[in-house]
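# Fold and geometry: a report
In case you want the letters, here they are:
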Amino acid sequence: MVDTVDAIRDAVAAAAPEIRAGLPGRREAAGAENPSGEQRLAADEYADELLEERLGRIDGVGAYASEERESVVDAGEGYAIAVDPLDGSSNLKPNNVMGTIVGVYDAPLPASGRDLVAAGYVLYGPITTMAFAREGTVTEYLIEDGEATVLNEDVTLPDDPTVYGFGGRVPDWPDDFAAYVDEIESELKLRYGGAMIGDVNQVLTYGGVFAYPALQSAPEGKLRLQFECNPVGYVIESAGGRSSDGTGSVLDVDPEDLHQRTPVYLGNGPLIDRLESALD
Ligand SMILES: O=P(O)(O)OC[C@H]1O[C@](O)(COP(=O)(O)O)[C@@H](O)[C@@H]1O
Ligand SMILES: [Mg+2]
Ligand SMILES: [Mg+2]
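Residues numbered from 1 in each chain as written. Chains lettered and ligands numbered in written order. Predicted model: local features only at pLDDT ≥ 70, side-chain atom pairs only at ≥ 80, totals over all residues. Heavy atoms only, no water.

### Notes on the UniProt feature "binding site: Mg(2+) 1" (unreviewed entry) in the protein
As a reminder of what qualifies: UniProt positions are given in the numbering used here, feature names are shortened, and annotations may be inferred rather than shown by experiment. Numbering of helices and strands runs from the N terminus, with a helix taken as a DSSP run of H or I at least four residues long and a strand as a DSSP run of E at least two residues long.
Residues annotated in UniProt with the feature "binding site: Mg(2+) 1" (unreviewed entry) correspond here to E67, D84 and L86. The annotated residues occupy 20 residues of the chain but converge on a single region, no pair of C-alpha atoms lying more than 9.2 Å apart. Relative to the helices and strands, E67 resides in the loop between β3 (61-66) and β4 (73-74). Relative to the helices and strands, D84 is located in strand β5 (residues 79-87).

Here is the structure:
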């Protein structure tokens, strides 16, 4: 019998080239907002519908939810899947990197990050890759023709970090976070591309820290707990790094609302420890 988590991983890998191939004609606004009040592109809708169809039909998947729809779709009995169908979709117009994020929860949504049994993301870069975490290890795959082949097993963050990327406008950063940035920018190189997955995958590859912090104008930051922060936090923690909402692991944030946002900080443990001390 095919393991449900393997089937989910394979379905995401199979959908990735189709999502990529569907992008060229879908770079314009679809005319509606998503539940977070953001302008939705035709590509966001396309990826969401494709993933709902492919993931919802897997035996052992009981629910599908995404950043692009108000409520959870019932798919029978089994795991609940939370998806950011296209992460960084504002990068579509300037043709920069984007991703797809998937979290597999063994609990009804909204769920705690501690209920994740697997999580992963696809990165649509010069090549298409996928990082997928389960049972404490992360595997990096190359996706070609809908097939995933292993590139790297037991992926871990390098011990000697080199990059950082932080979202939000600088004058909107709270003073304590700005003071942390002052230290970090003399130690690491700025690499910020505006798609969480692109920026996080640089941290996974080179070591460093990614943040979409609490802002003065938005104390909960921008990124969504169920669809973005928990799954990516799970990948980074499985790769030996740390995630934080500013006080502790993002996986421990109480799930209160399907579309809730949280500040998120991800990267090498010592850099996140220092961040938490700076925000005390
Ligand atoms: O444009 P900003 O404020 O730097 O925000 C960038 C952040 O917003 C996002 O694009 C939000 O994700 P979506 O594109 O899925 O809405 C993240 O990928 C990225 O980290
Ligand atoms: Mg996103
Ligand atoms: Mg998105």
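### Some thoughts on the coordination of the magnesium ion (ligand 3)
This is how it is decided: Distances up to 2.8 Å from the metal define which N, O and S atoms are donors, and 3.2 Å serves for Na, K and Ca; water is absent from the atom set, so sites may look incomplete. Classification of residues uses two cut-offs on accessible area relative to the type maximum, computed with a 1.4 Å probe and protein chains only: under 20% is buried, over 50% is exposed, and between them is partly exposed.
With distances of 2.1 to 2.2 Å, the protein atoms coordinating the magnesium ion (ligand 3) are E67 (OE), D84 (OD) and L86 (O). For the magnesium ion (ligand 3), the donor residues sit on a single chain with the sequence spacing E-x16-D-x1-L. In this structure the magnesium ion (ligand 2) is found 3.8 Å away from the magnesium ion (ligand 3), and D84 serves as a bridging donor for the pair. Within this pair, whereas E67 is found in the loop between β3 and β4, its partner D84 is found in strand β5, the two being separated by 17 residues in sequence. Exposure class is identical for E67 and D84. Each is buried.

### Some details on the domain arrangement of the protein
The parts lose accessible area when they come together, and the size of an interface is often stated as this lost area. To keep it simple, the criterion reads: Each domain span listed reflects an automatic or database assignment of domains. Two residues qualify as a contact provided that any one of their heavy atoms is within 4.5 Å of a heavy atom in the partner residue. By buried area we mean how much accessible surface two parts lose on assembly, using a 1.4 Å probe and totalling the loss over both. In the sections that follow, a salt bridge refers to a side-chain nitrogen of Lys or Arg positioned within 4 Å of a carboxyl oxygen of Asp or Glu.
Here the protein is described as being made up of domain 1 (4-152) and domain 2 (163-279). The C-alpha-based centres of domain 1 and domain 2 are spaced at 21 Å. Contacts between domain 1 and domain 2 engage 45 residues on the former and 32 residues on the latter. Interface area for domain 1 against domain 2, summed over the two sides, is near 2800 Å², with a carbon-plus-sulfur share of 59%. A per-residue breakdown of the area domain 1 buries against domain 2 is headed by P110, R114 and Y121, which together make up 22% of the total. Viewed at the interface, domain 2 and domain 1 are joined by four salt bridges.

### Quick look at the UniProt feature "domain: Fructose-1-6-bisphosphatase class I N-terminal" (unreviewed entry) in the protein
Under the present numbering, the feature "domain: Fructose-1-6-bisphosphatase class I N-terminal" (unreviewed entry) in UniProt falls on residues 21-144. Here residues 21-144 is 13% helix and 46% strand, with 12 Å between the C-alpha atoms at its ends.

### What to know about the sheet that holds strand β10 (residues 147-152)
Convention followed: Here, strands pair whenever DSSP counts at least two bridges between them. In this description, a line fitted to the C-alpha atoms serves as the axis of each element, helices being fitted only across the stretch in contact, and the angle between N-to-C directions of two axes falls anywhere from 0 to 180 degrees.
Strand order across the open sheet formed by eight strands is β4-β3-β5-β6-β7-β8-β9-β10, with mixed pairing between neighbours. Only two strands of the sheet have a single neighbouring strand rather than two, namely β4 and β10. Of the strand pairs in this sheet, strand β6 (residues 98-105) and strand β7 (residues 116-124) are connected by eight bridges, and their pairing is antiparallel. Bridging from a neighbouring strand, V104 pairs with A118 of β7. Running over the sheet, helix α2 (residues 42-56) touches β3, β4, β5 and β6 and is turned about 155° from β5.

### Describing the site of ligand 1
As a reminder of what qualifies: Near residues are defined by distance, with any heavy atom within 4 Å of the molecule or strand qualifying the residue. Think of a polar contact as two N or O atoms within 3.5 Å of one another; within protein, one of them needs to be a possible hydrogen donor and the other a possible acceptor, and neighboring residues in sequence only count if both atoms come from side chains. Per-residue and other accessible areas follow the Shrake-Rupley method at a 1.4 Å probe size, with only the shown protein chains counted as cover for residues. Gly is put with the polar residues, along with every residue not named as nonpolar or charged; the nonpolar set is Ala, Val, Leu, Ile, Met, Phe, Trp, Tyr, Cys and Pro, and the charged set is Asp, Glu, Lys and Arg.
Neighbouring ligand 1 are 17 residues; D87, G88, Y192, M196 and Y212 lie closest to it. Contact between ligand 1 and R224: an oxygen atom at 3.2 Å from a side-chain N or O atom of the residue. With the chains in place, 83% of the 470 Å² that ligand 1 exposes on its own is no longer accessible. Looking at the shell around ligand 1, the elements that each hand over two or more residues are β5 and β13 (208-212). In terms of residue count, the dominant contributor to the shell around ligand 1 is β5 (three residues). Among the residues making up the shell around ligand 1, the classes are represented as seven nonpolar, three polar and seven charged. Here the shell around ligand 1 gathers at least three residues from each of two domains, domain 1 (4-152) and domain 2 (163-279).

### Examining the nonpolar core
We count it as follows: The term nonpolar core refers to a set of buried residues drawn from Ala, Val, Leu, Ile, Met, Phe, Trp, Tyr and Cys, joined through side-chain atoms within 4.5 Å.
Counting 57 residues, the largest nonpolar core has F166, F177, M196, V209, F210 and V264 as its most contacted members. Each of domain 1 (4-152) and domain 2 (163-279) contributes no fewer than three residues to this core. Ignoring any residue separated from it by four or fewer positions in sequence, one finds F210 in contact with G165, F166, Y192, M196, D199, V200, V203, L223, V264, Y265 and L266. Counting 32 residues, the second-largest nonpolar core is a separate cluster that includes I8, V12, V83 and L86.

### Examining the sheet that holds strand β11 (residues 163-166)
A sheet is described by the order of its strands in space; here five strands give the open sequence β12-β11-β13-β15-β14, paired in mixed fashion. The open sheet has two free edges, formed respectively by β12 (189-190) and β14 (242-244), since each of these has just one partner strand. Pairing of β11 with β12 involves two bridges; the strand directions are parallel. Considered in β12, the bridge of V163 is made with K189. Along the sheet, helix α3 (residues 175-184) makes contact with β11, β13 and β15 (264-267), crossing β11 at roughly 155°.

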